[in-house]
Amino acid sequence: MSAVLEVKNLHIAFGGVKAVDGLSFDVHAKQIVAVIGPNGAGKTSAFNCITGFYKPTAGEVLLKGAAITGKRPADIAAAGVSRTFQNLRLFPDLTVLDNVRAGMHLYGGQNWADAIFHTPRFKRSEAAYTEEAHRWLDFVGYTGPRGVPIRNLAYGQQKQVEIARALARKSDLLLLDEPAAGLNYSEKQRLLELCHRIRNLGTAIVLIEHDMGLVMEVSERIVVMNFGREIAEGTPAEVKANPAVIEAYLGRDEDGEVQSHGDA
Amino acid sequence: MSENVDTTLAPKKIRPPSGRVSRLFESKWLGWVALAIAVAAPFVNATPYALNIMTTAAIFVLLASGLNIVVGYCGLLDLGYIAFMAVGAYTSGIVAKAFDLPLLFTIPVVLVMTVLAGLIIGAPTLRLRSDYLAIVTLGFGEITRITANNLAITGGPSGIFGIPGILKIGDFDFQQPAVFYYVTILVVAGFVLAAARLGKSRLGRAWRFVREDEDAAEAMGIHTYKVKLLAYTFGAIWGGFGGVLFAGHLSAVAPTSFVFLQSALVLMAVVLGGMGNMRGVVIGALVISLLPELLRDLAEYRYLAFGVLLIVVMLFRPQGFWPARGYEPERKPAEEREAVAVAGEQR
Amino acid sequence: MQLIWDGLFVGSFYALIALGYSMVYGIIKLLNFAHGDLYMLGAFIGFAVLSSLGGIPASLSIGALLVVLLLSMLLTGTAGVLIERFAYRPLRGAPRLAVLITAVGVSFSLEYGISAIAGPNPRSFPIRLEGEVFNLIGARVSLPQIVLMIIAGLLMIGLNGYIQNTSTGRAMRSIALDRNASLLMGINVNAVITRTFFIGSALAGAAGVMAGAYYGKIDFLMGFIIGLKAFTAAVIGGIGNIKGAMLGGLVLGFVEAFGAQWFGGQWRDVFAFAVLILFLTLRPTGILGERVTERV
Ligand SMILES: Nc1ncnc2c1ncn2[C@@H]1O[C@H](COP(=O)(O)OP(=O)(O)O)[C@@H](O)[C@H]1O
Ligand SMILES: [Mg+2]
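Residues numbered from 1 in each chain as written. Chains lettered and ligands numbered in written order. Predicted model: local features only at pLDDT ≥ 70, side-chain atom pairs only at ≥ 80, totals over all residues. Heavy atoms only, no water.

**Description of the overall build of chain A**
Helix and strand counts for chain A come out as ten helices and ten strands. Relative to the 2.2 N^0.38 estimate, which gives 18 Å for 264 residues, the radius of gyration of chain A is 20 Å and therefore close to what a compact globule would have. Within chain A, the fraction of its 264 residues that count as buried is 56%. Sequence-distant contacts in chain A: of pairs separated by 6 or more residues, those separated by 24 or more amount to 67%. (Helix = DSSP H or I, 4+ residues; strand = E, 2+ residues; numbered from the N terminus. Rg over C-alpha atoms; globule rule 2.2 N^0.38 Å. Buried < 20%, exposed > 50% of the residue type's maximum accessible area, 1.4 Å probe, protein only. Contact = heavy atoms within 4.5 Å.)

**What to know about the overall build of chain B**
On a plain count of helices and strands, chain B comes out with 14 helices and four strands. A total of 347 residues make up chain B; the buried ones form 53% of that total. When contacts within chain B are restricted to residue pairs at least 6 apart in sequence, long-range pairs at least 24 apart make up 76% of them.

**Structural notes on the packing of helix 5 (residues 120-139) of chain A against helix 6 (residues 155-168) of chain A**
Residue and element names in this part refer to chain A. Two elements in contact, helix 5 and helix 6, have axes whose closest approach is 9 Å; the angle formed by their N-to-C orientations is 125°. By the angle between their directions, the pair helix 5 and helix 6 is classed as oblique. Here helix 5 and helix 6 pass one another in a crossing that is right-handed. Residues Trp-136, Leu-137 and Phe-139 of helix 5 form the contact with helix 6, whose participating residues are Val-161, Ala-164, Leu-167 and Ala-168. Its residues assigned to classes, the contact of helix 5 with helix 6 comprises seven nonpolar, no polar and no charged. (Axes fitted to C-alpha atoms, helices over the stretch in contact; angles between N-to-C directions. Parallel < 35°, antiparallel > 145°, perpendicular 65-115°, else oblique. Left-handed = near helix turned anticlockwise from the far one by under 90°. Nonpolar A, V, L, I, M, F, W, Y, C, P; charged D, E, K, R; others polar.)

**Digging into the interface of chain A and chain C**
Between chain A and chain C, the residue contacts involve six residues of the former and four residues of the latter. Together chain A and chain C conceal approximately 400 Å² of surface at their shared face, both sides included; 68% is due to carbon and sulfur atoms. Our count for the contact surface shared by chain A and chain C stands at zero salt bridges. Linking chain A with chain C are zero residue pairs in polar contact (both at pLDDT 80 or more). Looking at side-chain class alone, the side of chain A that touches chain C contains four nonpolar, one polar and one charged residues. (Buried area = accessible area lost by both parts, 1.4 Å probe. Salt bridge = Lys/Arg side-chain N within 4 Å of Asp/Glu carboxyl O. Polar contact = N/O pair within 3.5 Å; in protein donor to acceptor, adjacent residues only side chain to side chain.)

**Structural notes on the side chain of Thr55(B)**
Note on placement: Thr55(B) falls in helix 3 (residues 48-73). When residues no more than four places from it in sequence are discounted, the contact partners of Thr55(B) are Phe180(B), Tyr181(B), Thr184(B) and His249(B).

**Observations concerning the sheet that holds strand 6 (residues 81-83) of chain A**
Residues and elements named next belong to chain A. Spatially, the six strands line up as an open sheet ordered 6-7-8-3-9-10, and their pairing is mixed. Every interior strand has two partners, whereas the edge strands, strand 6 and strand 10 (229-234), have only one. Neighbouring strand axes in the sheet, compared pairwise and without regard to direction, differ in orientation by 20° on average. Pairing analysis gives four bridges linking strand 3 (residues 32-36) to strand 8 (residues 204-208), with the strands arranged parallel. In the sheet register, Ile-32 faces strand 8, and the bridge partner there is Ile-205. (Pairing = 2+ DSSP bridges.)

**A few points about the site of ligand 1**
Near ligand 1 you find 15 residues, and of these Gly40(A), Gly42(A), Lys43(A), Thr44(A) and Ser45(A) are the closest. One finds residues of chains A and C in close proximity to ligand 1. A distance of 2.8 Å separates an oxygen atom of ligand 1 from a polar atom in the backbone of Lys43(A). Between an oxygen atom of ligand 1 and a side-chain N or O atom of Thr44(A), the distance comes to 2.6 Å. In isolation ligand 1 offers 560 Å² of accessible surface; the protein chains occlude 78% of this area. With three residues, helix 1 (residues 43-50) of chain A is the single largest residue contributor to the shell around ligand 1. Across the shell around ligand 1, the residue classes tally to six nonpolar, six polar and three charged. (Near = heavy atom within 4 Å. Areas by Shrake-Rupley, 256 points an atom, 1.4 Å probe, with all protein chains shown as cover.)

**Some details on the pattern of salt bridges**
All names here are of chain A. Inspection of the entire model under this criterion finds 28 salt bridges over all chains. With a closest N to O distance of 2.3 Å, Glu-233 and Arg-221 form a salt bridge. You can see Glu-233 sitting in strand 10 and its partner Arg-221 sitting in strand 9 (residues 221-226), a full twelve residues away along the chain. Classification of Glu-233 as partly exposed rests on a relative accessible area of 32%.

**Notes on helix 5 of chain A**
Helix length check: helix 5 of chain A, at 20 residues, gives a terminal C-alpha distance of 28 Å against a target of 28 Å (1.5 Å per residue), a fit within 8%. Of all the positions in helix 5 of chain A, only Phe122(A), Ser125(A), Glu126(A), Ala127(A), Tyr129(A), Thr130(A), Glu132(A), Ala133(A), His134(A), Trp136(A), Leu137(A) and Phe139(A) are classed as buried. Against helix 3 (96-102), helix 4 (112-117), helix 6 and helix 7 (185-200) of chain A together with helix 8 (202-212) of chain B lie the buried residues of helix 5 of chain A. Count one or two residues on from helix 5 of chain A and you reach Gly141(A), which has phi positive near 80°. (Expected span 1.5 Å × (residues − 1).)

**Examining the nonpolar core**
Among the nonpolar cores identified, the biggest contains 220 residues, and Trp207(B) and Trp238(B) are the most heavily contacted of them. Per element, the largest residue contribution to this core is 16 residues, and it comes from helix 1 (residues 2-28) of chain C. Leaving out residues up to four positions away in the same chain, Trp207(B) has contacts with Ile69(B), Tyr73(B), Cys74(B), Leu198(B), Val227(B), Leu230(B), Ala231(B) and Phe234(B). If you look at the next biggest cluster of nonpolar residues, it comprises 44 residues, including Leu137(A), Ala164(A), Ala168(A) and Leu176(A). (Core = buried A, V, L, I, M, F, W, Y, C linked by side-chain atoms within 4.5 Å.)

**Let's talk about the pairing of strand 3 (residues 139-142) of chain C**
Relative to strand 3 of chain C, strand 2 (residues 133-136) of chain C is paired through four bridges, and the arrangement is antiparallel. Each residue of the ladder has a partner; that of Phe134(C), found in strand 3 of chain C, is Val141(C).

**Description of the coordination of the magnesium ion (ligand 2)**
Ideal geometry at a metal centre: 109.5 degrees between donors when four sit tetrahedrally, and 90 or 180 degrees when six sit octahedrally. Residue and element names in this part refer to chain A. The magnesium ion (ligand 2) binds to the protein through Thr-44 (OG1) and Gln-86 (OE1); the donor distances cover 2.0 to 2.2 Å. With a gap of 42 residues between them, Thr-44 in helix 1 and Gln-86 in the loop between strand 6 and helix 3 connect regions that are remote in the sequence. With a relative accessible area of 29%, Gln-86 lands in the partly exposed category. (Donors = N, O, S within 2.8 Å, 3.2 Å for Na, K, Ca; no water.)

**Re the interface of chain A and chain B**
Between chain A and chain B, the residue contacts involve 55 residues of the former and 47 residues of the latter. Carbon and sulfur atoms supply 57% of the area buried between chain A and chain B, which totals about 4500 Å² over both sides. When residues of chain A are sorted by the area they lose upon contact with chain B, Arg89(A), His105(A) and Asn152(A) head the list and together hold 14% of the total. Here Arg89(A) ties to Asp215(B) by a salt bridge, and the two come within 3.0 Å at their closest N and O atoms. Remark: the boundary between chain A and chain B carries 17 residue pairs in polar contact (both at pLDDT 80 or more). Contributing elements (two or more residues each) for the side of chain A that touches chain B: helix 2 (73-79), strand 6, helix 3, helix 4, helix 5 and helix 6 of chain A. Top contributing element to the side of chain A that touches chain B by residue count: helix 5 of chain A, with nine residues. The residue makeup of the side of chain A that touches chain B, split by class, is 28 nonpolar, twelve polar and 15 charged.

**A word on the environment of Gly286(C)**
Residues and elements named next belong to chain C. Relative to the helices and strands, Gly-286 resides in the segment after helix 11 (268-282). Judged by its relative accessible area of 0%, Gly-286 falls in the buried class. Sequence-wise, Gly-286 and Ala-64 are 222 residues apart; in three dimensions their C-alpha atoms are separated by 38 Å. Dropping the residues within four chain positions of it, Gly-286 is found in contact with Val-235, Ile-236, Gly-237, Gly-238 and Phe-279.

**Side note on unusual backbone geometry**
The phi torsion at Lys30(A) lies on the positive side, around 60°, for a residue other than glycine. Inspection of the secondary structure puts Lys30(A) in the loop between strand 2 (17-28) and strand 3. Classification of Lys30(A) by relative accessible area gives partly exposed; the value is 42%. With a phi angle near 55°, Lys29(C) is a residue other than glycine that sits in the positive phi range. Of note, Lys29(C) is situated in the loop between helix 1 and helix 2 (35-53).

**As for the confidence of the model for chain B**
Residue and element names in this part refer to chain B. Looking at chain B as a whole, the pLDDT averages 86, with 88% of positions reaching at least 70. Low pLDDT, under 50, characterises residues 1-11; the stretch is placed with 22 contacts to residues that sit more than four places away or in other chains. We note a pTM of 0.90 for the whole complex and an ipTM of 0.91 for its interfaces. (pLDDT = per-residue confidence, 0-100.)

**Digging into the sheet that holds strand 2 of chain A**
Residues and elements named next belong to chain A. Reading across the sheet, the four strands line up as 2-1-4-5 and stay open at both edges, with antiparallel pairing between neighbours. The open sheet has two free edges, formed respectively by strand 2 and strand 5 (66-67), since each of these has just one partner strand. Alignment of strand 1 (residues 3-14) against strand 4 (residues 58-63), held across five bridges, turns out to be antiparallel. Paired with Lys-8 across the bridge in strand 4 is Glu-60.

This is how it looks when you write it as structure tokens:
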């Protein structure tokens with residue numbers, strides 16, 4: 001099976017900080033891959049390199065075999081990558097529906113002349129946009145009001161809309177940066193189920209997540225990062241058993257003994 | 001700007017405002033009412049003085065609606081907007097005089113020149129951060145004015161005068177003040193409507209996405225640079241047509257009409273009226289252009305008052321007096337939806 | 001040689017004003033549009049102070065100028081602080097567009113406020129520095145020019161020392177790097193911002209008084225073009241960078257002097273803005289600035 005995403009030896013540095021320092025992994029179609037690691041490990045920076053927001057200092061990113069390294073974010077999105085952000089990046093003053101419509105920008109269907117003269121084509125395309133936006137909101141299980149500015153909504157609802165917006169992009173690859181952060185238990189369960197449904201649409205998912213329970217349950221493969229490096233990669237079971245991972249997560253005493261939480 | 005998203009406070013204002021007054025203000029008919037008033041006005045008072053003021057105000061409305069595309073929709077602060085009007089006015093004046101054409105026939109050249117001006121100014125600057133953009137457009141505005149002031153073809157400091165009228169068919173001269181007023185109203189109404197419609201389209205949404213969060217817009221595949229350039233170009237065209245009307249109205253063009261003060265006044269109309277809301281902007285433009293005529297005695301203080309007003313509005317009502325409406329209808333229940341889909345009328 | 005001297009002289013004015021622009025930008029990432037108008041305000045405050053003092057014997061003019069200079073700096077600085085406190089501080093964290101528009105409003109208010117008080121027509125400054133012109137290695141130089149440049153130089157050296165050596169200076173630098181971290185380190189961010197506005201405005205005010213005394217004429221729009229030029233200087237040097245602002249001022253002074261020579265004086269401003277646009281397109285970080293990747 002050919003890879004949807006191939007990341008090869010990715011590097012990026014800010015001044016002296018090597019945020020990502022040689023990261024490589026593949027994502028195959030319909031796969032859910034988790035990227036984990038302590039805060040500051042470089043996970044978000046890696047996402048930003050893949051999606052073109054940062055220009056990698058070295059390395060390559062291939063999407064369905066074609067290089068997208070260093071391209072403009074909009075071009076990478078057009079090539080088939082969609083994402084959410086670690087801290088919600090919605091359009092706060094616009095309605096829920098408009099936020100989702102953002103993901104559908106590349107559908108086209110009308111131009112400025114259609115808009116000025118309100119041609120039938122324009123009306124049809126606007127109706128289709130609205131239909132589709134409702135469909136994606138339904139898909140993520142959003143039940144709140146849809147015609148109001150999104151800044152007025154609760155955090156959990158905003159997170160749902162951000163995913164709906166990314167899904168509306170209909171990409172081959174979806175990058176989710178800490179989608180479960182700030183959600184309660186039942187919301188997390190729904191997220192888990194949503195990830196499976198997204199995968200069934202044929203979209204591969206890479207997600208950054210701190211909740212180990214969720215990660216172990218949802219992902220087929222896990223990439224573990226620390227200090228910009230990839231310290232382990234494998235199935236959840238393999239990763240759980242990897243000494244390097246345990247060390248990175250739990251820290252180590254001066255004399256090299258693995259600390260356990262129970263001591264304190 | 002995402003750091004401003006208020007996520008901690010409990011949901012508020014979930015329902016759209018439903019008072020009678022706000023329904024009235026959002027009514028579809030409001031535009032027609034405004035047009036009717038504009039058409040009827042000369043029947044109330046048709047002195048040359050009144051017609052002059054009303055024509056000037058209408059041109060000002062056109063400028064404000066154009067700047068609203070750039071500032072209101074797209075969030076790009078343009079402090080040299082009047083330069084586009086200068087380009088339009090000078091182009092049509094020079095071409096009309098040189099070939100002894102009615103102004104109407106200069107429009108294709110004006111269109112080309114203003115689009116070019118928009119691209120020339122926009123291309124290098126729209127990659128910049130928003131605050132740099134503001135100051136660079138200010139610089140461009142000054143460059144345009146100084147250039148017009150120093151070139152021979154633009155008539156130097158005294159400008160060009162004796163510009164031919166817009167059109168003359170047989171004995172009927174469209175240049176008569178009342179006729180010219182109606183022509184202006186027609187053109188301005190068309191442009192205002194077009195700008196409002198653009199705002200409610202795919203392109204208009206893209207502009208707003210860029211305004212609200214450029215990174216998020218990029219992540220959705222919106223080429224933010226192209227989209228901004230388009231906003232700029234449309235703004236330039238609106239300004240250019242304002243210039244043609246201006247040249248026709250005064251039959252003369254001089255550099256002093258294009259000082260920074262003018263750009264600032266158009267900006268105030270947009271900001272005070274309500275950035276992004278075409279109706280608010282039209283009202284703002286009318287207030288800014290007509291108020292000084294009513295308060296002639298206070299002329300010395302009016303710009304001071306405008307300046308202070310600008311600060312106060314930003315502090316207490318940053319969306320302007322009549323902000324863009326952030327609401328749209330909720331989805332109809334399923335059975336109704338079928339019927340609506342057939343009618344095709346969704347928004 | 002004459003060109004170099006003229007460039008140096010004008011450039012030192014630009015540098016003084018650019019400093020305020022740059023300092024404020026460095027600390028709160030705000031382009032203070034009204035900064036050029038503080039220069040104008042300084043000139044008018046100097047004018048008011050001098051007028052209220054009545055006649056001054058011509059022989060004392062340099063000493064008197066220094067006193068007036070200090071007084072005007074104090075008052076302009078205070079004005080800057082008030083502007084920050086009432087117009088900018090409430091908008092900290094607001095969208096950039098709102099802040100920029102507010103700054104335009106402040107600029108407008110200052111210009112037309114002064115116009116309403118002092119009248120729209122140019123005023124002639126009560127003292128006019130005049131002195132003999134002599135030749136210095138091929139350039140025509142006048143005594144007042146030298147005096148003004150020395151003052152400007154001293155102010156800049158003083159500022160540099162202040163920023164390098166005092167705790168406030170260190171606090172300024174740390175806030176410029178990371179405001180939140182500075183807050184956590186117990187730095188009183190607001191106090192430092194206030195001080196920055198004071199110093200920046202005072203420097204602009206000083207430049208205003210000096211320009212008034214040198215050129216002899218002041219008017220309420222005199223800050224507009226020079227504000228743009230100072231911004232250009234700040235960008236050329238690398239905005240947010242103190243040494244860059246000084247360097248940028250001098251570079252712009254030279255560039256303009258040569259531009260005016262080649263293309264004619266009426267194209268001087270056009271030339272300066274063209275340089276600005278060129279810089280912003282090719283090297284937006286300026287000569288001394290560093291490229292940073294904005295966080296996403
Ligand atoms: N734009 C940037 N400029 C400077 N440093 C950055 C930037 N983005 C990230 N970093 C640094 O890179 C490191 C990795 O950060 P990040 O990728 O956000 O980690 P994670 O998402 O794994 O928590 C951190 O030390 C962070 O401070
Ligand atoms: Mg992260």
